[in-house]
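# Close look at the chain arrangement
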There are 2 protein chains.
Amino acid sequence: MSLIISIDAMGGDHGPDSTIPASLDCLRENPDLQLILVGNEQILAPLLEHALVEFSGRLSLQHASQCVAMDESPSKALRNKKDSSMRVAINLVREGKADACVSAGNTGALMATARFVLKMIPGIDRPAIISSMPSIFGHTHVLDLGANVDSPAASLFQFAVMGAEVVKALENISDPTVGLLNIGEEETKGNEQVKAAAKLLENSKLNYIGYVEGNSLNAGDEKVDLIVCDGFVGNIALKSIEGAAKMITSVMKESFSSSLFTKVAALISYPVLKAIKNRIDPRLYNGASFLGLKGLVIKSHGGADALAFKTAIHVAEIEVEKNVIQKISEQVEHALSRRENT
Amino acid sequence: MSLIISIDAMGGDHGPDSTIPASLDCLRENPDLQLILVGNEQILAPLLEHALVEFSGRLSLQHASQCVAMDESPSKALRNKKDSSMRVAINLVREGKADACVSAGNTGALMATARFVLKMIPGIDRPAIISSMPSIFGHTHVLDLGANVDSPAASLFQFAVMGAEVVKALENISDPTVGLLNIGEEETKGNEQVKAAAKLLENSKLNYIGYVEGNSLNAGDEKVDLIVCDGFVGNIALKSIEGAAKMITSVMKESFSSSLFTKVAALISYPVLKAIKNRIDPRLYNGASFLGLKGLVIKSHGGADALAFKTAIHVAEIEVEKNVIQKISEQVEHALSRRENT
């Protein structure tokens, strides 16, 4: 089975400085992996000289003359950047030359381009963005993280169907639990979309466990594998958590460096502090999948360093190996025909 | 000037175990404070025997025969619990016998009862819940935290007007910065309510700084004194942050107690760990104000211990001293007449 991933080598805040070392590391670790690095040949070729020999047959370079800026409007990128590294990398997926694409570029432009080039899976109304985050139970996966600003109940239901396939693949479990994000666990709570989505989920074959609250993303009372919400809420929850983690680590740094005594304490506690950091390191949770498209696109955080970008490539590798797009298409077809028959 | 606060002594998970020590501590600290403890006389009187002598003239007991359960439906509480400690404490505010009421009881029941008994300030369509949280810059205040499941632009604007008065009082600043919670900082981002609310805020006299993202609650790029959002989003953001903090502290505890070596490191780092805990201790951010009502009601977290409940009483003390309700009424009248004149 082929495992070919196209990499938008120019995307993200650090461009090739992150994407190239991450790519080479992944090639080293997985002998079945093939990568196509897409970007300006003049910039990339000198950086890849040795690697193209070392990974001959598994690493190739595809020229793209343009770059999408991190703050460029999605519509402008779509119209004016037809030879961008992002667009060419996605084209390779459409043409069947790559099984997935990974980019750290501008989220809006990446989503608009992916949607335009790859098209939607029939039966899915809106694409969604899914990612994992650390929880006291291991990981939780959440969608939508910002592809939509509001989602009707039918879309929330579709998100759940698609997300469950991603969780099965990444966590290697057969029947992930699904929760619906709400402002209380009682049936009477919530807005109209959420209440209607709950009905659809109750009548589905998904392992739906009911409403969950915001704390369930990281530390609820029970393990939830997949949490479904609209993109406005999901994006704000994700960024709220990022802010909370940043504040706490900043308070920790400040407290541990406030005096000679605290600096000594930090030195002695170094292995513990490192273990804590590793457990919640956002770089190990990088790589959000765009769902609902006819091809696999993984979005890395724009500020990703090589380690973070490598995590995003890993997500692509697993989702290709587990055939997630094919499974989503089957499940969507199945869920839709089931709803038509009832 | 009088400073009389009615306390729902029976509310919350711990009832009198939290409310009584917190109340007595506040009386000790503020010689101008008078408290009316409301609840079952048979339970409270024996616990207050000495205190009624010690704080003679400043502490009194008001009997209420019923209690609202933490999971009781707001409509049932409103209908069947007319002599609950919560209801009687709020009645005291309406009757002018108390300047504010503090309760750790069931949020929905407290809001429904407060709204029914105290009525809304003319010009305000919906009540809102505001609270502060720690940020790397100090504190941020956020509303609505869950009084509403969706809010039209006009309500978001009213929240900003009301919230600004609370921030002025609690932070002692004259012109707090106001941000609108959104999924991006660009003008094109967001849903229709948020975009329309932004227009109202731009044309107001408030110190509006534009859209802010979820991370601004705790750790944005710049200081924001007040963040406005609808209650669904605000509640989920707040609980997401609570979950993140809980996960991180749980990982810290686990890491620092995993071996003899790490336990020694924890012992040495104890003053630092304590400083970190104090900085982000949620008990020091307890006390959410219900805004939009003709009287002051402060909601304490249900699980509040004595320290947390004391923080909630402090919030009430400051808001009474600064005359927040009167100022909100004036600002609302002013903002409304200004909008009518334009």
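Located above this text is the structure these notes cover.
This section reports on the structure supplied with the text. (Residues numbered from 1 in each chain as written. Chains lettered and ligands numbered in written order. Predicted model: local features only at pLDDT ≥ 70, side-chain atom pairs only at ≥ 80, totals over all residues.)

### Remarks on the sheet that holds strand 3 (residues 59–63) of chain B
All names here are of chain B. The mixed open sheet is built from eleven strands, whose spatial order is 3-2-1-4-11-10-5-6-9-7-8. The sheet terminates laterally at strand 3 and strand 8 (207–212), the two strands that pair on one side only. Ignoring strand direction, the axes of neighbouring strands in this sheet form an average angle of 25 degrees. When strand 6 (residues 138–143) meets strand 9 (residues 226–228), the two strands line up parallel, connected through three bridges. Note that in strand 9 the partner of His-141 across the bridge is Leu-226. (Pairing = 2+ DSSP bridges. Helix = DSSP H or I, 4+ residues; strand = E, 2+ residues; numbered from the N terminus. Axes fitted to C-alpha atoms, helices over the stretch in contact; angles between N-to-C directions.)

### Regarding helix 2 (residues 41–54) of chain B
Residues and elements named next belong to chain B. With 14 residues, helix 2 should cover 20 Å at 1.5 Å per step; its first-to-last C-alpha distance of 18 Å lies within 8% of that length. By the largest-angle criterion, Leu-48 marks the main kink of helix 2, which is about 60 degrees. On the buried face of helix 2, the contacting elements are helix 1 (16–29), strand 2 (34–39) and strand 3. (Expected span 1.5 Å × (residues − 1). Bend = angle between axes of the 7 residues up to and from the residue. Contact = placed C-beta atoms within 7 Å.)

### Some remarks on the nonpolar core
Grouped together as the largest cluster of nonpolar side chains are 230 residues, with contacts concentrated most on A:Ala160, A:Val228, B:Ala160 and B:Val228. Residue contacts for A:Ala160: discarding those within four places in its chain leaves A:Val178, A:Leu201, A:Leu206, A:Leu226 and A:Val228. (Core = buried A, V, L, I, M, F, W, Y, C linked by C-beta atoms within 7 Å. Buried ≥ 20, exposed ≤ 12 C-beta atoms within 10 Å, placed from the backbone.)

### As for the pairing of strand 11 (residues 296–299) of chain A
Residue and element names in this part refer to chain A. Going residue by residue along strand 11, you find Leu-296 and Ile-298 tucked away on one face and Val-297 and Lys-299 tucked away on the opposite face as well. Bridge count for strand 4 (residues 100–103) against strand 11 is four bridges, and the pairing is parallel. For Ser-103, the partnering residue across the bridge sits in strand 11 and is Lys-299. Alignment of strand 10 (residues 288–291) against strand 11, held across three bridges, turns out to be antiparallel. The partner of Phe-290 across the bridge, within strand 11, is Val-297. Taking the residues between adjacent antiparallel strands as the criterion, strand 10 and strand 11 are bridged by four residues, where Gly-292 takes a positive phi near 105 degrees.

### What about the sheet that holds strand 7 (residues 177–181) of chain A?
Sheet strands pair by backbone hydrogen bonding; their relative direction is either parallel or antiparallel. All names here are of chain A. Taken together, the eleven strands give an open sheet; going across it, the order is 3-2-1-4-11-10-5-6-9-7-8, and neighbouring strands pair in mixed fashion. One side of each edge strand has no neighbouring strand; the edge strands of this open sheet are strand 3 (59–63) and strand 8 (207–212). Between one strand axis and the next, the sheet turns through 25 degrees on average, direction left out of account. The sheet contact formed by strand 1 (residues 4–8) and strand 4 spans three bridges and is parallel. Its bridge partner being in strand 4, Ser-6 is matched across the sheet by Cys-101.

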